[in-house]
Amino acid sequence: MNYDAILVVSFGGPEGHDDVIPFLENVLRGRNVPRERMLAVAEHYYHFDGKSPINQQTRELIAALKDELAQHGPKLPVYWGNRNWHPMLADTLRQMKSDGIQRALAFVTSAYSSYSGCRQYREDLARAQAEVGEGAPQVEKLRVFFNHPGFLGATEDRIKDALAELPDASLRSAERPKAAVPTQVQVVYVAHSIPLSMANTCDYVQQLEEVRRLASEAIGIKNDALVYQSRSGAPGQPWLEPDILDYLREVKEKNLASAVVIAPISFISDHMEVLYDLDIEAKQLCDSLGLPMARAKTVGVHPKFIAMIRELILERTEGAERRALGSLGPRQDVCAEDCCPAPQRPARPQHAR
């Protein structure tokens, strides 16, 4: 197929104190999230002067992708639009229309299938196209890539780096001779929690479990776990568990490991939920428990990951091989009509309407 641009579509994040509440209101529009919860999340951003690192990290990813395409092709311009903060998708599509772009491929910064990780991005693209109106570029999304060798290879390298950060003393028992005790490190894979009503209608958990299995096998890890972070929504609404903090307490109480590596595998960049939920909250808890911890970086601009994006583009422009590891195979380019439906929102109490 002929395409004349690449569009990087990201979540977006505030870049100053005054951006935080408008940004969160964009994120939570249409969702039954108590305002108190939103204000609590706002404090996470204020801890960093209201600036999320995600926009800067998206700029770095785009710069790396531009270099990759300039060196190896295809030589296509790269645009950037966000779902929830500037540069907004509709503004970017207007610029693309002005530049004469007619047909683009979208790389979405989400590796997995779920409503919030795939279909919602498609809906936002369609909404932005409708806002731009006649002449808006046609945009086709690249497939999800959780089991692509480039994503997995970069993930494994990040975990290996984190394992190397743990001090040797933390991996041994004080009661036994050094040579008699094997290393007891657990890799704790962490993903963003989603409501069960969403998880039950998509392959999100199955795909996360596949990444966990493939990465652990490649590294040679026997002791691992999959847990979740950053749940929101109404308190009574069930979400994927266990929560990372609850699980770390269990690791200590049940002596499941003498040290942990926390690997955030559902994020491609070290943005706010990684920095606050893991680098601050989880780290503080581990320190209080006396449980040594290292946090693996996300794939970011790892060369294997950037090369993967180019491969996904070549699948569509040149019919290149659709590479995937494990048993699930490469995901299709175009989702089925009933794929990853929006979750059913719990009704708001009458007094809150």
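See the structure shown above.
The residue numbering used here restarts from 1 in each chain and proceeds along that chain's sequence as written. With pLDDT at 70 or above as the cut-off, local features in this predicted model cover only qualifying residues; side-chain atom pairs require 80 or more to be listed or tallied, and sums for whole chains, interfaces and linings still use all residues. Derived side-chain values reflect all non-hydrogen atoms in the structure, with water molecules and hydrogen atoms excluded from consideration.

Asker: Residue-level account of the environment of Tyr276, with values.
Answerer: Tracing the sequence through the fold places Tyr276 in helix α10 (residues 272–289). When the C-alpha positions of Tyr276 and Val41 are compared, they lie 9.9 Å apart, and in sequence the two are 235 residues distant. A run of H or I in DSSP becomes a helix once it reaches four residues, and a run of E becomes a strand once it reaches two; helices and strands are each numbered from the N terminus.

Asker: Which residues make up the packing of helix α6 (residues 149–165) against helix α8 (residues 204–219), and what values go with them?
Answerer: The contact between α6 and α8 brings their axes to 10 Å, and the two run at 60°. One element, α6, and the other, α8, form an angle in the oblique class. With respect to the hand of their crossing, α6 and α8 are arranged in right-handed fashion. For the pair α6 and α8, the contacting residues are Leu152, Glu156, Ile159, Lys160 and Leu163 in the first and Val211, Leu214, Ala215, Ala218 and Ile219 in the second. When residues are grouped by polarity, Ala, Val, Leu, Ile, Met, Phe, Trp, Tyr, Cys and Pro land in nonpolar, Asp, Glu, Lys and Arg in charged, and all others, Gly among them, in polar. When its residues are assigned to classes, the contact of α6 with α8 shows eight nonpolar, no polar and two charged. The axes are straight lines fitted to the C-alpha atoms, using for helices just the contacting stretch, and the angles between their N-to-C directions are given from 0 to 180°. Any angle that falls under 35 degrees is termed roughly parallel, while one over 145 is termed roughly antiparallel, one within 65 to 115 roughly perpendicular, and all others oblique. Take the far helix as your reference; a near helix turned counterclockwise from it by less than a right angle gives a left-handed crossing, and one turned clockwise gives a right-handed crossing. In this analysis, two residues are considered to be in contact whenever any of their non-hydrogen atoms come within 4.5 Å of each other.

Asker: Before we move on, can you summarise the state of the cysteines with the specific residues and values?
Answerer: In a disulfide, the sulfur atoms of two cysteines are covalently bonded to one another. The disulfide definition used here is simple: a pair of cysteine sulfur atoms within 2.5 Å. Across all of its chains, the model carries zero disulfides by this definition. With no disulfide of its own, Cys339 lies closest to Cys340 among cysteine sulfurs, the gap being 3.5 Å.

Asker: Please set out the nonpolar core residue by residue, giving values where relevant.
Answerer: Here, nonpolar core refers to any group of buried Ala, Val, Leu, Ile, Met, Phe, Trp, Tyr and Cys residues whose side-chain atoms link them within 4.5 Å. Think of it in three bands: residues with accessible area under 20% of the maximum for their type are buried, residues over 50% are exposed, and the middle band is partly exposed, with areas taken using a 1.4 Å probe on protein chains only. Membership of the largest hydrophobic core comes to 61 residues, with the highest contact counts inside it found for Tyr112, Phe145, Phe151, Val261, Phe305 and Ile309. Once residues lying within four places of it in the same chain are set aside, the contact partners of Tyr112 are Gly117, Cys118, Val144, Phe146, Phe151, Tyr204, Gln207, Leu208, Val211, Ile265 and Ser266. Within the second largest apolar cluster, 20 residues are counted, among which are Val190, Val227, Leu248 and Met293.

Asker: Break down the sheet that holds strand β7 (residues 259–264) for me, citing the residues and quoting the values.
Answerer: One open sheet holds the four strands; their spatial order is β6-β5-β7-β8, and the pairing between them is parallel. The open sheet is flanked by β6 (224–229) and β8 (293–295), the only strands paired with a single partner. Across the sheet, the mean angle separating the axes of adjacent strands is 25° when strand polarity is ignored. If DSSP finds at least two bridges between two strands, the strands pair. Two strands pair when backbone bridges link them, and strand β5 (residues 185–192) and β6 are joined in this way by six bridges, in the parallel orientation. Paired with His192 across the strands is Gln229, a residue of β6. Sitting on the sheet, α6 touches β5, β7 and β8, and the angle it makes with β7 is about 155°. Its contacts with the sheet place α8 against β5 and β6, and it is angled at close to 140° to β6.

Asker: Let's hear about the packing of helix α9 (residues 244–253) against α10: which residues, and what values?
Answerer: With their axes 10 Å apart at the nearest point, α9 and α10 run at an angle of 20° to one another. Classified by the angle between their axes, α9 and α10 sit roughly parallel to one another. The two elements α9 and α10 meet at a crossing, and its hand is right-handed. Taking contact as the criterion, the partners of Ile244, Leu245, Leu248, Arg249 and Lys252 in α9 are, on α10, Leu278, Glu281, Ala282, Leu285, Cys286 and Leu289. A per-class count over the contact of α9 with α10 returns eight nonpolar, no polar and three charged.

Asker: Describe the side chain of Thr298, naming the residues involved and giving the relevant values.
Answerer: Residue position: Thr298 is located in the loop between β8 and α11 (303–317). For Thr298, a relative accessible area of 5% gives the class buried. A polar side-chain atom of Thr298 sits 3.5 Å from the main-chain carbonyl oxygen of Ile268. If sequence neighbours within four positions are ignored, Thr298 has contacts with Arg158, Pro264, Phe267, Ile268, Ser269 and Asp270. Contacts described as polar in this section are N or O atom pairs within 3.5 Å, which, within protein, must combine one atom able to donate a hydrogen with one able to accept it, while residues neighboring in sequence count only if both atoms come from side chains.

Asker: Let's hear about α8: which residues, and what values?
Answerer: What a helix should span is 1.5 Å times the count of its residues minus one. With 16 residues, α8 ought to run about 22 Å at 1.5 Å a step, and its terminal C-alpha atoms sit 23 Å apart, in line with that. Among all positions of α8, only Tyr204, Gln207, Leu208, Glu210, Val211, Arg212, Leu214, Ala215, Ser216 and Ile219 are buried. Buried residues along α8 sit against α6, β5 and β6.

Everything listed is a geometric property; what it means functionally is a separate question.
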